[in-house]
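Below, each chain spelled out in residue letters.
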Amino acid sequence: MKFFEDMILDGKWEDVEQYLSSFTKVDDNRYSTKIYFEIRKQNFFEALDGHDIAKALNILKKDLKDFAPGNEELFKELAQLLTLDDISLNWQHVHCANPQPNPDINTLFVDHVCQLQETDFSGQSSESNALPPQTTQSPSSWNFSSSMLTDSAVSFVALSLSDPTNKAVTMDRPEDSDILSEKSPVRILNEQASTVTYPGVSLKNIPDYSPKSSLKKEMFQSFGETSFSDFPKTVAQTLIEGSSSPMSMDFHPVQHTLLLVGTNVGDTGLWDVNSGQKLFIRNFKVWDIGACSMLFKTALVRDPGVSVNRVVWSPDGVAYSKHIVQLYAYHGGSDARQQLEIDAHVGNVNDLAFSAPCKQISVITCGDDKTIKVWDAVTGSRTYSFEGHGAPVYSLCPHAKENIHFIFSISVDGKIKAWLYDSLGARVDYDAPGLGCTRMAYSANGRRLFSCGTSKEGESFLVEWNESEGAIKRTYQGLQLQHNSVSVVHFDTAKDQILAAGDDHVIKIWDMNKVQLLTTIDAGGGLPENPRICFNKNGTLLAVIANENRIKILETPESNSVDAAGVLSDNLRKLSINPISTVTGAGIANGSVSVNEDPKDLMDVKPEISVEAENKSELEKPLFARPSECQSLLLPSKVKANKISRLTYNNGGQAIFALASNGVHLMWRWPRNDLTLSTEATTKVPPRLYQPRHGPQFMVNDTTDSNSQEAVPCFALSKNDAYLFSASGGVISLYIVMTFKTILTIMPPSPTATSLAFNPHDNNVIAIGMDDSTILIYNARSSEVISKLEGHSKRVTGLVFSDALNILVSSGGDAQIFVWDVDGWGIQTCRSLQTPDGVMTLAPSETHIQFHKDQTRFLLVHETHLAIYEAEELTCLKQWFPISSVPISQATFSCDCRMVFTSFVDGTLSIHEASNLEVQCRILSTAYLRPTTSCLHVYPHAIAAHPLKPTQFAVGLTNGEVYVIEPNEPGDTWAVLPPDEIVGDQPTSTSEGDRAMDG
């Protein structure tokens, strides 16, 4: 502590933060956030005090910007300080109880007190630059370790069905809520006077406070007001539902002009708002009445009427409910197929949502029985049930931060609870304003939390929450007292800028950063008292439910060419560049089947074993050959590393781990991106090679008793990213990732470990494949081998657990696959690899396996081919064999399991569609390697896919280098070349097979 204190007293703030980072990170908890904020703020003020504007600007944009979300007013104050030419403000002056202009301060480390004078700021809080104090727990402060699925072109949708008659709910009268609580930071922008103020300085007293340098002007403009003139406010289309009343709506997450609608008679319809045509309608019926509970059957007999409460698209399908939940798979056009039916709750199902806590889609429901339930979207089995509310649960809001998934639930009495996916009860318990029916929603970037609700007395509240405090940050003004006692105000967000709510027969709009009402939209009139509204995902369209069973579609005012017949403007038509007919299919609810296949078709496939399985059409696929055609980044390292044997991302996608053949581990971590405030891996920003400030500088495996040519290095990262099991032909070591310290060594050779896998149910249990063909099940807590599995005849090179099937799958150098029952560790089934005639394999040959995200199928990687197997019976569903004789070095699923990234020993990469293993494109080594490297005989030996970005992957080379590769732009895919590239001049692959095929 003395060392740390001395650095603080010396003002070495960069060293202070570096030292602190060895113990805690900025977003670990509210206390660490507060400490980092104070360090960076003081560094900022000292730079200003020393007139080092460039340094202060750098601190503001790179360091303090991390704290901008949720503290916008404070950030504006700090930014305004840069616009002053004469600064006499010291870092601790902002904590003065009565700060005055031009304070008499002689030292930075002695507190001072300004004499009280009559100023405009005498009533302001002295805590204007402090983060708000903690009042109650929030998701960001829950005590557990931290380590997302991508949107699919084919989606599921959820609807919630109930009795046609709305039931009145009992709620207490709310307490008054201030616009800014005493616990919030002092507002810097005076809304009424539009004058920027801050303690000790008044801009009214400065003759000219405009930026006087180009640097300050650029900075000042970068923090200027955002224009809100481009939100949808022009009626472009009117949809008529006929005799049924719309109750709930949701736009497709990818096809932005598809609107799903549920009605009061249980109908579900899909509209193409571009053409104004209804693509399909599904009337409510129970698919399997025999499987439903007697309570539901009785309720249905007493009252057969069914109303849709909620419709929601998921990333991969369709769902809707009343007492029951029904899932549909949407295949484009009018094709929506029955997928799954769940008898979910006793009474109404009031809300439902989709989430992916284990990278597998789950359906979350809540109902009149006061419970929240989580269901497997594939099997329909219940995985969690949460109890604790004292009233029917009204709404749900699932979310994830730093790879930690949680659920907010709000009951009809306004009680808010938060749950993790475990059985330990609610982690958060506090009240919604008004103690009434309330919905919560995050902004599109997931950083800001809002809620809107209405009390029994008709008072409505639209608020933003301070998650770190569990308290209300701001209350938005302009909502009217409701005349209908059961009416509830509904809201939505758009573009991380706009809040909208249906109230008083109009749509009301707010800037997220201002409490005053920005504007209102009447949509041509004819709106009910509290119209339901819904933005599409990019905020360019707004649907609103109007009277007489109509839905009005509003668009941005870029062009207003709507004629009397309701023809859409060109602006709306731009959203329909990709017609819905191009959406050709969908898989089962968790995305386990690709967009082009029906699950039954996939299970009935009889693989053809032929070297000619791949035809010349592959050579006509896009070929990336130039550095300008994709983005690649060589990860920096001054450490001598041999061939990269193993490679993986951490579970949050912010770091990459590599194990070299000489036993050295390398770990790269990405800094926070200035533009997106993200720490995810990217080719735009180089990472840092991580080394602890104290203790070992590297994690190095024992190799003393191993033959480097015969050893098979292997490692396994725990699911919380905290521990790493690793071996390189010697003893197996267990490392603490953050400190690189070895806390356990086990099993000295021989035999030696050749593969490792953590049990997903228990991080203390690990499967260890050995070079003597056995598999050991080891319990690290009790330090004992609990089982020894025998079946392979050569070393075990692949191990992977299926959480869904409760099995362990192993592969080995003997070209055998075994399935082991985790409960008793007995052999469930086994099978030899299917290889074509005339194709020889090296002995022993490494065979690797990886489960699909549905946990029922796996990818098998052999030097001669790729294959997809069904896990329980080991049925081979698909196989792919290269045209050429160039061996495969490694392959992996993309994070969404829609692609397979494959590397070859000639340096070529290929990207396959996972459903049929067809090649979509190829990448030559000249496109991603440095010129000095691509001319050598260097190739990828290890490959890893980013856990959150479907198009990004990394490769580890035989010379010890690691590259990250992704398309040129975040929204690009690997299927096509950039439009400005000339395909005809591209070089061809150098492999013999390709040359022979080309000839």
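Residues numbered from 1 in each chain as written. Predicted model: local features only at pLDDT ≥ 70, side-chain atom pairs only at ≥ 80, totals over all residues. Heavy atoms only, no water.

**Thoughts on the pairing of strand S13 (residues 336-343)**
As defined by bridge partners, strand S12 (residues 324-330) adjoins S13 across seven bridges and the pair is classed as antiparallel. The partner of Ala-329 across the bridge, within S13, is Arg-337. (Pairing = 2+ DSSP bridges. Helix = DSSP H or I, 4+ residues; strand = E, 2+ residues; numbered from the N terminus.)

**What about the sheet that holds strand S23 (residues 449-454)?**
What the four strands build is an open sheet, ordered S22-S23-S24-S25; its pairing is antiparallel. What marks the edges here is a single partner per strand, and that holds for strand S22 (437-442) and strand S25 (471-476). Sheet twist, expressed as the average angle between the axes of neighbouring strands with direction ignored, equals 30°. Bridging between S23 and strand S24 (residues 460-466) involves six bridges; their strand directions are antiparallel. (Axes fitted to C-alpha atoms, helices over the stretch in contact; angles between N-to-C directions.)

**Points about the sheet that holds strand S20 (residues 415-420)**
The sheet built from four strands is open, its strands ordered S18-S19-S20-S21 with antiparallel pairing. Lying at the two open borders of the sheet, with one neighbouring strand each, are strand S18 (393-401) and strand S21 (428-431). Averaged over neighbouring strand pairs, the angle between their axes works out to 20° when direction is ignored. Pairing analysis gives five bridges linking strand S19 (residues 404-411) to S20, with the strands arranged antiparallel. Residue pairing for S20: Phe-408 is matched across the bridge by Ala-418.

**Some words on the pattern of salt bridges**
Close approach of charged atoms allows side chains of opposite charge to pair. Across all of its chains, the model carries 20 salt bridges by this definition. Close ionic contact of Glu-846 with Arg-646 constitutes a salt bridge, the shortest N to O distance being 3.6 Å. Note that Glu-846 is positioned in the loop between strand S50 (827-832) and strand S51 (848-851) and Arg-646 in strand S35 (residues 644-649), a separation of 200 residues in sequence. A salt bridge links Glu-961 to Arg-930, with the shortest nitrogen-to-oxygen separation between them at 2.4 Å. Here Glu-961 is found in the loop between strand S60 (953-957) and strand S61 (962-966), whereas its partner Arg-930 is found in the loop between helix H10 (925-928) and helix H11 (931-934), with 31 residues between them in sequence. Arg-930 sits in the partly exposed class, given a relative accessible area of 37%. A single network of salt bridges, built from pairs that share partners, joins Lys-34, Glu-38 and Lys-41. (Salt bridge = Lys/Arg side-chain N within 4 Å of Asp/Glu carboxyl O. Buried < 20%, exposed > 50% of the residue type's maximum accessible area, 1.4 Å probe, protein only.)

**Side note on the packing of helix H3 (residues 30-49) against helix H4 (residues 53-62)**
Close contact between H3 and H4 brings their axes to 8 Å; oriented N to C, the two are set at 160°. Taken together, the axes of H3 and H4 are roughly antiparallel relative to one another. Crossing geometry of H3 relative to H4 is assigned as left-handed. Seen from H3, the contacting residues are Arg-40, Asn-43, Phe-44, Ala-47 and Leu-48; seen from H4, they are Ile-53, Lys-55, Ala-56, Ile-59 and Leu-60. (Parallel < 35°, antiparallel > 145°, perpendicular 65-115°, else oblique. Left-handed = near helix turned anticlockwise from the far one by under 90°. Contact = heavy atoms within 4.5 Å.)

**Regarding the nonpolar core**
Counting 21 residues, the largest nonpolar core has Phe-4, Val-16, Phe-44, Leu-48, Leu-64 and Phe-67 as its most contacted members. Those elements that provide at least two residues to this core are helix H1 (2-9), helix H2 (13-20), H3 and H4. The leading source of residues in this core is H3, at seven residues. Core analysis: the next-biggest nonpolar cluster, separate from the first, contains 20 residues, Phe-901, Leu-909, Val-938 and Val-955 among them. (Core = buried A, V, L, I, M, F, W, Y, C linked by side-chain atoms within 4.5 Å.)

**What to know about the confidence of the model for the chain**
The predicted model of the chain averages 76 in pLDDT, with 72% of residues at 70 or higher. With pLDDT under 50 throughout, residues 116-226 is counted as low confidence; its partners more than four residues away or in other chains account for 326 contacts. (pLDDT = per-residue confidence, 0-100.)

**Let's talk about the pairing of strand S31 (residues 541-546)**
Counting buried positions along S31 yields six of six residues, so the element is predominantly enclosed. Neither face of S31 is exposed, since Leu-541, Ala-543 and Ile-545 on one face and Leu-542, Val-544 and Ala-546 on the opposite face are all buried. Of the strand pairs in this sheet, strand S30 (residues 533-535) and S31 are connected by three bridges, and their pairing is antiparallel. Looking at the pairing, Cys-534 lines up with Ala-543 of S31. Following S30, the chain reverses through five residues before pairing antiparallel with S31; Gly-539 in that reversal takes a positive phi of roughly 75°. As paired strands, S31 and strand S32 (residues 550-555) are joined by six bridges and run antiparallel to one another. The partner of Leu-542 across the bridge, within S32, is Leu-554.

**Some details on the packing of H1 against H2**
It is the contact of H1 with H2, at a shortest axis distance of 8 Å, that shows an interaxial angle of 150°. In this view, H1 runs roughly antiparallel relative to H2, as classed from their interaxial angle. The interaxial crossing formed by H1 with H2 has left-handed handedness. Here Phe-3, Phe-4, Met-7 and Ile-8 of H1 come into contact with H2, specifically with Trp-13, Asp-15, Val-16, Tyr-19 and Leu-20. Considered class by class, the residues forming the contact of H1 with H2 number eight nonpolar, no polar and one charged. (Nonpolar A, V, L, I, M, F, W, Y, C, P; charged D, E, K, R; others polar.)

**Concerning the state of the cysteines**
Enumeration according to the criterion identifies zero disulfides in this entry. Left unpaired, Cys-630 is separated from the closest cysteine sulfur, that of Cys-921, by 9.3 Å. Among the cysteines around Cys-897, which has no disulfide bond, Cys-895 carries the closest sulfur, lying 8.0 Å off. Given a relative accessible area of 8%, Cys-897 falls into the buried group. (Disulfide = S-S within 2.5 Å.)

**Description of the packing of aromatic side chains**
The full count for this structure, using the stated rule, is 24 aromatic pairs. Aromatic pair Trp-313 and Tyr-330: ring centres 5.8 Å apart, planes at 70°, arrangement edge-to-face. Taken as a pair, Trp-313 in strand S10 (residues 307-314) and Tyr-330 in strand S12 lie far apart in primary sequence, 17 residues in all. Between Phe-725 and Phe-758, the ring centres sit 5.8 Å apart and the planes meet at 50°, which makes this aromatic pair tilted. Taken as a pair, Phe-725 in strand S40 (residues 723-727) and Phe-758 in strand S43 (residues 753-759) lie far apart in primary sequence, 33 residues in all. Each member of the pair, Phe-725 as well as Phe-758, carries the same accessibility label: buried. (Phe/Tyr/Trp six-rings, centres within 6.5 Å; stacked < 30°, edge-to-face > 60°.)

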